Amino acid sequence: MSAMTTQRTITQRELRNESAAVMDAVEAGETMIITRNGVPVAQLGPIKRYRLTAVSELRQAFAAGPDPDYAAMRAEIDAYFGEDRIGDD
């Protein structure tokens with residue numbers, strides 16, 4: 001969903017009478033302020049959609065990164081939390 005988000009104001013009556021067109025516009029990325037008697041009472045907008053990424057894509061994306069330095073990570077953890085931790089035998 002790469003549509004640019006726009007916003008417009010519509011009345012409760014417009015929402016009721018033109019609901020299909022309103023929903024099409026929201027699906028296309030628009031956000032609407034709904035008014036009742038001229039007073040804004042609600043905001044209607046698209047939900048955020050997440051795209052699942054395949055594990056193979058993640059492996060490929062991170063393959064060029066540096067290998068983790070586990071000794072440095074452990075030293076940083078010890079420095080932050082101290083060396084006496086529960087369950088750290």
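One can find the structure itself at the top, above this paragraph.
Read on for a plain summary of the structure. (Residues numbered from 1 in each chain as written. Predicted model: local features only at pLDDT ≥ 70, side-chain atom pairs only at ≥ 80, totals over all residues. Heavy atoms only, no water.)

**Comments concerning the overall build of the protein**
Next, step 1: Each helix and strand in the protein was counted, giving 4 helices and 3 strands.
Next, step 2: Walking the protein from its N terminus toward its C terminus, one meets helices and strands in the order β-α-α-β-β-α-α.
Next, step 3: In the protein, which comprises 89 residues, the share counted as buried stands at 12%.
Next, step 4: If you take every contact in the protein between residues at least 6 apart in sequence, the share linking residues at least 24 apart comes to 32%. (Helix = DSSP H or I, 4+ residues; strand = E, 2+ residues; numbered from the N terminus. Buried < 20%, exposed > 50% of the residue type's maximum accessible area, 1.4 Å probe, protein only. Contact = heavy atoms within 4.5 Å.)

**Quick notes on the packing of aromatic side chains**
Next, step 1: All told, the structure shown has 1 aromatic pair when counted by the stated rule.
Next, step 2: Between Tyr-80 and Phe-81, the aromatic rings sit 4.7 Å apart at their centres with planes inclined by 85°, giving edge-to-face as the arrangement.
Next, step 3: Look at Tyr-80 and you get exposed, because its relative accessible area is 66%. (Phe/Tyr/Trp six-rings, centres within 6.5 Å; stacked < 30°, edge-to-face > 60°.)

**Focus: the sheet that holds strand β2 (residues 31-36)**
Next, step 1: Across the sheet, 3 strands lie side by side as β1-β2-β3; this open sheet has mixed pairing. On the outer flanks of this sheet lie β1 (7-11) and β3 (39-44), each paired with one strand and no other. Strand-to-strand twist across the sheet, computed as the mean angle between neighbouring axes with direction ignored, equals 30°.
Next, step 2: Direction of pairing for β1 relative to β2: parallel, over a ladder of 5 bridges. Its bridge partner being in β2, Thr-11 is matched across the sheet by Thr-35. (Pairing = 2+ DSSP bridges. Axes fitted to C-alpha atoms, helices over the stretch in contact; angles between N-to-C directions.)

**Notes on the nonpolar core**
Next, step 1: Core analysis: the biggest nonpolar cluster contains 6 residues, these being Ile-10, Val-22, Ala-25, Val-26, Met-32 and Ile-34.
Next, step 2: Elements represented by at least two residues in this core include exactly α2 (19-27) and β2.
Next, step 3: A total of 3 residues in this core trace back to one element, the largest contributor, which is α2. (Core = buried A, V, L, I, M, F, W, Y, C linked by side-chain atoms within 4.5 Å.)

**A closer look at unusual backbone geometry**
Next, step 1: Despite not being glycine, Asn-37 shows a phi value in the positive range, around 55°.
Next, step 2: In this fold, Asn-37 is placed in the loop between β2 and β3.
Next, step 3: Overall, Asn-37 belongs to the exposed group, its relative accessible area being 76%.

**Comments concerning a nonpolar patch on the surface**
Next, step 1: Together, Ile-77, Tyr-80 and Phe-81 make up an exposed nonpolar region whose accessible area comes to about 380 Å².
Next, step 2: Counting through the fold element by element, Ile-77 comes out in helix α4 (residues 70-81).
Next, step 3: Its relative accessible area of 37% is what places Ile-77 among the partly exposed residues. (Patch = residues over 30% accessible without salt bridge, like charges linked within 9 Å, V, L, I, M, F, W, Y side chains within 5 Å. Areas by Shrake-Rupley, 256 points an atom, 1.4 Å probe, with all protein chains shown as cover. Salt bridge = Lys/Arg side-chain N within 4 Å of Asp/Glu carboxyl O.)

**Looking at the side chain of Thr-35**
Next, step 1: Position of Thr-35 among the secondary structure elements: in strand β2.
Next, step 2: If we ignore the near neighbours within four places in the chain, the residues touching Thr-35 are Thr-9, Ile-10, Thr-11, Gln-12, Pro-40 and Val-41.

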